[in-house]
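Structural description and commentary
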Amino acid sequence: MRSRRRSRTGAIVAGLAIATTLGAAATALDLTRAGANPTFTLPPVNAPFDYQIGGAYTPPSGVKVVSRDVKASPASGLYNICYVNAFQTQQEGDSGGPQEWDSDLLLTDAGGPVVDPDWDEVILDITTDAKRQRIADKINGYIDQCASKGFDAVELDNYDTFTRDVVDGRITAGHAQSYIRLLSQHAHAKGLAVGQKNTVELAGDRKANGLDFAIAEECGDPRWNECAEYLAAFGDNAIFIEYTSAGMKNACVYGDRVSVVRRDVDVTPAGGSGYVRETC
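Described in the following lines is the structure provided in the data block.

Rules used throughout
- Residues numbered from 1 in each chain as written.
- Predicted model: local features only at pLDDT ≥ 70, side-chain atom pairs only at ≥ 80, totals over all residues.
- Heavy atoms only, no water.
- Helix = DSSP H or I, 4+ residues; strand = E, 2+ residues; numbered from the N terminus.
- Buried < 20%, exposed > 50% of the residue type's maximum accessible area, 1.4 Å probe, protein only.
- Areas by Shrake-Rupley, 256 points an atom, 1.4 Å probe, with all protein chains shown as cover.
- Salt bridge = Lys/Arg side-chain N within 4 Å of Asp/Glu carboxyl O.
- Pairing = 2+ DSSP bridges.
- Axes fitted to C-alpha atoms, helices over the stretch in contact; angles between N-to-C directions.
- Contact = heavy atoms within 4.5 Å.
- Expected span 1.5 Å × (residues − 1).
- Left-handed = near helix turned anticlockwise from the far one by under 90°.
- Nonpolar A, V, L, I, M, F, W, Y, C, P; charged D, E, K, R; others polar.
- Disulfide = S-S within 2.5 Å.

1. Digging into the overall build of the protein chain
The helix and strand inventory of the protein chain stands at five helices and 13 strands. Expressed as a percentage of its 280 residues, the buried residues of the protein chain come to 52%. Accessible area of the protein chain: about 11100 Å², with a carbon and sulfur share of 50%.

What follows is the structure, given as structure tokens:
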């Protein structure tokens, strides 16, 4: 598995203007639906972190927080975040690939299912209430696996799919928020904290959407320099992951406040060729 870092596209975003309105209107209703007093624990702030979505291995000494794929098991004695690909399928042939989904739940165009070229994954069609609910029912099954295995939180990846050029405005920020609220409500009911993955454009709506902390890839990249925007929305409840020395330098400005780690792009397990893990 590769890192889930996003590619910034030129397609900003049909529906972003209505997204804030949607988020604000939904706050009281949706958080009430999530449960009167959902009980979950946030990741410890500024704790040594390791990103293991490319394969589980013994965490380095001192690490207190780990993120692993839903197919893996949590690391004993640590705070564990469960990675779930929530807005796109896995690759063709893999568990969770498009072959396991009803065809009408896949975004299509004249050429067939729409594929995110960065990851070779088919994009899920979250454009209607009915489709969002059916898709959420399936993804919530993965969230149930996270809870039953003993994970403490979930990381819902590809929230920013609506920004992809290939989507061409058919999926909007409003669709994404309506859908992620279904997942966050379910996760909270299962006792899991919910991490917002990337998508700084919607960080300001994080409370309305039931998102408790941030996992931000490449916020220190000199092309965006957006780490401070995550802190403005989430306070110090944030984890920064970088893949370059330049990005790491910028992210480490906040290294006394939040968790920061540099990994190799393929998030290779320790001992593998190309493995990189650095901290501030």
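2. Points about the pattern of salt bridges
Pairing between side chains of opposite charge can happen when their charged atoms approach one another. Applying the stated criterion across every chain yields a total of 16 salt bridges. Residue R277 is joined to D50 by a salt bridge in which the shortest nitrogen-to-oxygen separation is 3.1 Å. Remark: D50 occurs in strand β1 (residues 49-52) and R277 occurs in strand β13 (residues 277-279); sequence separation between them is 227 residues. Take R277: its relative accessible area is 22%, and that puts it in the partly exposed class. Bridged by salt links that share partners, the residues E155, D157, K197 and E217 form one connected network.

3. Concerning the sheet that holds strand β11 (residues 238-242)
Here nine strands make up an open sheet; going across it, the order is β1-β2-β3-β8-β9-β10-β11-β12-β13 and the pairing mixed. Of all strands in the sheet, those with a lone pairing partner are β1 and β13, marking the two edges. If you compare each strand with its neighbour and ignore which way they point, the axes differ by 25° on average. On the sheet, helix α4 (residues 227-234) packs against β9 (193-197), β10 (213-217) and β11 and is oriented at approximately 165° with respect to β11.

4. Some remarks on helix α3 (residues 173-189)
Taking 1.5 Å as the rise per residue, α3 with 17 residues should run 24 Å; its terminal C-alpha atoms sit 24 Å apart, in good agreement. For α3, the tally of buried residues reaches 14 of 17 residues, placing the bulk of the element in the interior.

5. Observations concerning the packing of helix α2 (residues 129-149) against α3
Between α2 and α3, the least distance of the axes is 9 Å, while the angle of their chain directions is 35°. Between α2 and α3 lies a crossing whose hand is right-handed. Residues R132, Q133, I135, A136, I139, N140, I143 and D144 of α2 pack against H175, S178, Y179, L182, L183, H186 and A187 of α3. Its residues assigned to classes, the contact of α2 with α3 shows eight nonpolar, five polar and two charged.

6. What to know about the state of the cysteines
Scanning the model with the defined rule gives three disulfides in all. Disulfide pairing is shown between C82 and C146; the S-S distance is 2.1 Å. Negative torsions about the S-S bond denote left-handed disulfides, and the value of about -65° found for C82 with C146 makes this one left-handed. Of this pair, C82 sits in strand β3 (residues 79-85) while C146 sits in helix α2, placing them 64 residues apart in sequence. Taken as a pair, C82 and C146 share a single burial class, namely buried. Put simply, C252 and C280 are joined by a disulfide, and their sulfur atoms are 2.0 Å apart. Every disulfide takes its handedness from the sign of the S-S torsion; for C252 and C280 that torsion is -90°, giving left-handed. Separated by 28 residues along the polypeptide, C252 in the loop between α5 (245-251) and β12 (259-263) and C280 in the segment after β13 bring together distant segments of the chain. Sequence-ordered numbering of the bonded cysteines in the protein chain gives a pairing of 1-2, 3-4, 5-6.

7. Considerations on unusual backbone geometry
Here N158, not a glycine, exhibits a phi torsion of approximately 70°, which is positive. Judged by its relative accessible area of 1%, N158 is buried. At V267, a position not held by glycine, the phi torsion is positive, near 40°. Examined against the element boundaries, V267 turns out to sit in the loop between β12 and β13.

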